[in-house]
Amino acid sequence: QVQLVESGGGLVQSGGSLRLSCAASGSIFSINRMGWYRQAPGKQRELVAHITRGASTDYADSVKGRFTISRDNAKNTVYLQMNSLKPEDTAVYYCNADVKTYSSRSYYSPYWGQGTQVTVSS
């Protein structure tokens, strides 16, 4: 089994910054894509950003130029640097990873963290 543990959420004022971290652990053979999703009150869960093993990235239009996703493959960790935060960024942020385990090496399966709250005040 695989666990993803998120950290770094909190309360910040508009224009502030936060850095989220997500560390994967467990029976990991390989991790392909990792990413961050968020779910705000009254909204569906949406992709924020994702990153491949080779560091190719993609971002939601709403966060381009403000957020930066990165990863440390040696630590099985993905980060999300969030700058110029806006009240509309308020949401629970979830870490996601596509993982091959030692018992299932033929294919990737998605795993999710429990989420970390980000609140941006105006």
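Each remark here, short or long, concerns the structure printed above.
Given the structure is predicted, the values throughout are model-derived calculations rather than measurements. (Residues numbered from 1 in each chain as written. Predicted model: local features only at pLDDT ≥ 70, side-chain atom pairs only at ≥ 80, totals over all residues. Heavy atoms only, no water.)

(A) Quick look at the environment of Asp-61. Take Asp-61: it is sitting in the loop between strand E6 (57–59) and strand E7 (67–72). At 3.1 Å, the side chain of Asp-61 and the side chain of Lys-64 are in polar contact. (Helix = DSSP H or I, 4+ residues; strand = E, 2+ residues; numbered from the N terminus. Polar contact = N/O pair within 3.5 Å; in protein donor to acceptor, adjacent residues only side chain to side chain.)

(B) Expanded view of the pairing of strand E4 (residues 28–39). Pairing analysis gives 9 bridges linking E4 to strand E9 (residues 91–101), with the strands arranged antiparallel. Note that in E9 the partner of Ser-30 across the bridge is Lys-100. The pairing of E4 with strand E5 (residues 46–51) spans 5 bridges and is antiparallel. Bridging from a neighbouring strand, Tyr-37 pairs with Leu-47 of E5. Turn length for the E4-E5 hairpin, with the two strands adjacent in sequence and antiparallel, is 6 residues, and the turn residue Gly-42 shows positive phi of about 80°. (Pairing = 2+ DSSP bridges.)

(C) Here's a closer look at the pattern of salt bridges. Summed over the entire model, instances satisfying the criterion amount to 4 salt bridges. Residue Arg-38 pairs with Asp-89 through a salt bridge whose shortest N-O separation is 3.0 Å. Residue Arg-38 is found in strand E4, and its partner Asp-89 is found in the loop between strand E8 (77–82) and E9; the two are separated by 51 residues along the sequence. Here Arg-38 and Asp-89 have matching classes, each one buried. A salt bridge links Lys-64 to Asp-61, with the nearest nitrogen and oxygen atoms 3.1 Å apart. When its relative accessible area of 64% is taken as the criterion, Asp-61 is described as exposed. Bridged by salt links that share partners, the residues Arg-38, Glu-46, Arg-66 and Asp-89 form one connected network. (Salt bridge = Lys/Arg side-chain N within 4 Å of Asp/Glu carboxyl O. Buried < 20%, exposed > 50% of the residue type's maximum accessible area, 1.4 Å probe, protein only.)

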